[in-house]
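# Fold and contact review
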Amino acid sequence: MYLKELSITGFKSFAKKGELEFSAPITAIVGPNGSGKSNVAESFRFVLGEQSVKSMRGKRGEDLIWGGSAQVARGNRASVTITLDNSNKVFPLDFSEIKIERVVHRDGQNEYILNGSTVRLKDIQELLASANIGSTGHHIISQGEADRILTANPKERREMIEDALGLKIYQYKRQEAERKLTKTVENVAQVESLRREAAPHLKYLEKQVQKIEKSLQLQEQLKAVYAEYLRREDIYIAFHYDRLTTARRIPQAELEGVTAALAAAKKTLQASESNQDSEQLIKLQEAVQQALHDRQVAEREFSKCEGQIALLERRVAEQERRSKTVEGKAIPYADIAALIKDIEQQVSKVVQKDEVTFLQRALSDIVHRLKLFIERSSAATDTTSEFDIKELRRLKEEIEKLAIRVADAQGKETRARKVYGEMEEQRVKEATDGREAERAVFRLVGEQRELETQLERIDRELAILDRDRNEFKRELQEAVALLGRAAAAYYEYLIVDSAGASVAEETVVQEDRETQRARRHELEKLKIRLEELGIGATDEVIKEYNDAKERDAFLAHEIADLESSISKLRELITELDAKLEEQFVVGIKKISLEFNRFFTLMFGGGEAELVTVTTKTRASEDELTEEGEIEEKKEEGIELVAKLPNKRVKGLEMLSGGERALTSIALIFAMSQVNPPPFIILDETDAALDEANSRRYGDMIEALSKKSQLILITHNRETMSRAGILYGVTMAGDGISKLLSVKLDEAVAVAK
Ligand code: ATP
């Protein structure tokens, strides 16, 4: 048994909570008219997800909620809970018991709760369909609706039968697949539109990237030309700079030497030309003259003194001899003094004169005067000898002093002469040096000019090299700016010739500058081409292109996935259609047979069957054919064919109320027999049966209860007698339905 319990709170007349337990295969619900029995059957419909309020005898959702009475205020919500056993996992859920609750609020809001969790209606429907409790409610036959299956059109009937056959689950799956298919087709369209929208931009980016690739190629080319150009230039400049600076060193050093030598020579020349020395020489010469003069004066005085001494000595000797002889006569001092004075005057006159003739004349004059004096004195008496001796002594002292003076004067003269001689020697030397210096200046100026010319030539070359070096630096900076830091690693570049052999630096430095200029020209051309491409932030464009491409690929993949889903869904739909068709065909046959069996059983003969018919219905105006006409739809439906025993009439419309009831019961039972639902609720299906038929009905119920649990709302005693559990429904003056368990006798009483 699947059905365990039903709990009703606030639903219709069940203002207060009422519970029903279904522990027997057949449960009968009995009670007087209007007590709320049908409300119980409707509470089943409600909790199983019925969407038609009308089928629950209401207009709006709130009609299902306790509307209130004079005694009890209206409710705000109606809730019904059904408890189903799932110990044998009929429902695909990992619970041994399943509780489904549906709540409706006054605002019409519905809630579905499955084992305490809020779920969607769809979840409930699918869950129930999996246990053959379909939403068409074929297993809940409401009051007066027993012949609904008879009055239904073929299409509706087909749906009921499909539901009874448990095909609903496939239909749900099919609907789901259809829904997914529609959604997927929409998605494909959306994704395709996205892809289409993005396509022009992708194309634009593709072109940009092509440009970038072109630019990268050019950059590579530029890099190579730059590397070779810079490498060669670097080698060339370094080599020639070295060569020139080395070449400059010797003439520079020579020039320095020459300049210094020239300066020295000029100085020497200048020194030889200066007259400072001649002045000094004149002064020295004057000093020599002075010294000479001093010496001569001293010598003369010395000689004079010597002469006087000799004279006096001779006179003294004469006087001594005369004293002995005539000659020894003394000469008076006054005579001598007068003589000396006379001679001194003579001498002083001569001293002023520089000439020898004067001297000679003066000397012979002196000699003459002296001879006269002697002649005169010899005649005189000898009185002066003592005086002479004294004078002699004085003169001897005098001469000693004069000797020292002469020696001094000589010394001075010698020194003056020496200094003069040295000076003169120096002068001669300087004169010689001066001449040499003059020659040297001529020579050195020539050499200097030559060296300067040589250096100028080198400097000119160096200046060109400097200009080249500045150009090189500027070019390097530009290369780095254009190609990045890698361009600075040009020195790693290996220069090769056209045969691929590496080129030695000696060859590089000898290369014709024109070739290098051609390379430079090539660089300029490449730069212009790059500039013309006008590529900006390449990384961003490439990234954007990659992103766009990736997105496009993603979208393409998405489309492929969606298309694959579409074909899978189509396959699934075809499969489901085939399965539905097959199971329907098989099921309808079985039901038809069972229908016939129950029918003959009920009527004690006759025959009945189900026939598949195709009806044409006009589709709605929305669905026009290509020609613009309203399309006619072909629909497969089920018709009933029933022939009562001993009666000619075949049409259903010819049947009496009881016959209709029996026929529909036969069909309902047949449907339930082929694919038994867990429970069947029959609300006064037996109302129109007479006693004999009630019994037959009772027998069939019992047979049916072997496969499905039955809940029967009935006034029929026979039916009540077949039930294992009986519930009575009562309604007191407060308008509230109440449930109570009753015994058969009580039930019979309650039913009345
Ligand atoms: P019968 O044997 O005549 O078929 P029944 O036992 O099946 O009667 P129901 O039709 O189930 O009786 O009950 C109808 C009763 O429920 C009425 O009295 C009606 O007023 C009451 N009822 C229906 N809807 C509501 C509601 N929303 N609030 C209160 N009472 C309601």
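That block above? That's the structure.
Residues numbered from 1 in each chain as written. Predicted model: local features only at pLDDT ≥ 70, side-chain atom pairs only at ≥ 80, totals over all residues. Heavy atoms only, no water.

### Considering the layout of surface pockets
Worth spelling out the cut-off: Detection works on a 1 Å grid of protein atoms alone, calling trapped sets that fit a 1.4 Å probe cavities and calling open sets with protein on both sides within 12 Å along at least five of seven lines pockets, with lining residues defined by an atom within 4 Å of a point. Grid points are joined across faces, edges and corners, and a volume is the space filled by probe spheres set on the points. Comment: elements are numbered from the N terminus, with helices defined as DSSP H or I runs of at least four residues and strands as E runs of at least two. Residues are grouped as follows: Ala, Val, Leu, Ile, Met, Phe, Trp, Tyr, Cys and Pro are nonpolar; Asp, Glu, Lys and Arg are charged; all remaining types, including Gly, are polar.
Reported here for the largest pocket is a volume of approximately 590 Å³. Looking at which element gives the most residues to the lining of the largest pocket, the answer is helix α6 (residues 276-324), with eleven residues. In terms of residue class, the lining of the largest pocket is made up of 17 nonpolar, three polar and six charged.

### As for the pairing of strand β11 (residues 679-683)
Keep this limit in mind: Each residue is placed in one exposure class: buried if its accessible area under a 1.4 Å probe, protein chains only, is under 20% of its type's maximum, exposed if it is over 50%, and partly exposed if it falls in between. Criterion used throughout: strands pair if DSSP finds at least two bridges between them. Seen with its strands pointing away from the viewer, a crossover is right-handed when the path leading from the first strand over the helix to the second is clockwise.
Burial analysis of β11 places five of its five residues in the buried class, which makes it a mostly covered element. The alternating pattern of β11 places F679, I681 and D683 and I680 and L682 on opposite faces, both of which are buried. Across two bridges, strand β8 (residues 140-141) lies against β11 in parallel orientation. Paired with I140 across the strands is I681, a residue of β11. Summarising the sheet, β11 and strand β12 (residues 709-713) pair through five bridges and their orientation is parallel. Across the sheet, the residue bridging to I680 is L710, located in β12. Taking the sense of rotation as the criterion, the β-α-β connection linking β11, helix α14 (residues 691-704) and β12 turns out right-handed.

### A few points about the site of the ligand
Note the cut-off: Near, as used in this document, describes a residue that has one of its heavy atoms within 4 Å of the molecule or strand being considered.
Near the ligand there are 19 residues, and of these N33, G34, K37, S38 and R57 occur at the shortest range. Ranked by the residues each element gives to the shell around the ligand, the list is headed by helix α1 (residues 37-47), at three residues. Residues of the shell around the ligand, tallied by class, amount to four nonpolar, ten polar and five charged.

### Points about the pattern of salt bridges
For the record, the criterion: Any Lys or Arg side-chain nitrogen located within 4 Å of an Asp or Glu carboxyl oxygen qualifies as a salt bridge.
Applying the stated criterion to the full structure yields 56 salt bridges. With a closest N to O distance of 2.6 Å, E42 and R57 form a salt bridge. A residue pair is termed long-range when its members are at least 10 positions apart, and E42 in helix α1 and R57 in the loop between α1 and β4 (77-85) qualify at 15 residues. Judged by relative accessible area, which is 5%, E42 ranks as buried. Assessed through its relative accessible area of 52%, R57 is described here as exposed. A salt bridge links E413 to R417, with the shortest nitrogen-to-oxygen separation between them at 2.7 Å. With E413 and R417 both in helix α9 (residues 385-483) and four residues apart, this pair spans about one turn of that helix. Taking relative accessible area as the criterion, E413 reaches 6% and is therefore assigned buried.

### Concerning the pairing of β12
With five of five residues buried, β12 is to be regarded as a mostly interior element. The two faces of β12 match: Q709, I711 and I713 on one face and L710 and L712 on the other face are all buried. Bridge analysis of strand β3 (residues 26-30) against β12 gives four bridges, and the strand direction is parallel. If you follow I29 over to β12, its bridge partner there is I713.

### Observations regarding the packing of aromatic side chains
The following threshold applies: Only centres within 6.5 Å qualify two rings of Phe, Tyr or Trp (six-membered ring in Trp) as a pair; their planes then separate them into stacked at under 30 degrees, edge-to-face at over 60, and tilted for everything else. Geometrically, a charge over a ring is one whose NZ (Lys) or CZ (Arg) sits within 6 Å of the ring centre while staying within 35 degrees of the ring normal.
What the rule picks out here adds up to nine aromatic pairs. Measuring from ring centre to ring centre gives 5.0 Å for F11 and F46, while their planes differ by 40 degrees; the resulting arrangement is tilted. Placement of F11 in the loop between β1 (3-9) and β2 (18-21) and of F46 in helix α1 is noted, with a sequence separation of 35 residues between them. When sorted by exposure, F11 lands in the same class as F46, which is buried. Members of the aromatic cluster, joined through ring pairs, are F22, F44 and F679. Sitting above the plane of the Y236 ring, R513 keeps its charged end 3.8 Å from the centroid. R597 extends its terminal NZ or CZ atom over the ring of F598, reaching a point 4.9 Å from the ring centre.

### Structural notes on the sheet that holds β1
Two modes of strand pairing occur in sheets, parallel and antiparallel, and in both the strands are linked by backbone hydrogen bonds. The condition is simple: Lines are fitted to the C-alpha atoms to define the axes, a helix being fitted only along its stretch in contact, and any angle between axes, read from their N-to-C directions, falls within 0 to 180 degrees.
Read across the sheet, six strands follow the order β2-β1-β4-β5-β6-β7 without closing on themselves; strand pairing throughout is antiparallel. The open sheet has two edge strands with one neighbour each: β2 and β7 (117-119). On average, adjacent strands in this sheet sit at an angle of 20 degrees to one another, irrespective of strand direction. Of the pairings in the sheet, the one linking strand β6 (residues 110-114) to β7 comprises three bridges and is antiparallel in character. From the neighbouring strand, I113 faces β7, where its bridge partner is T118.

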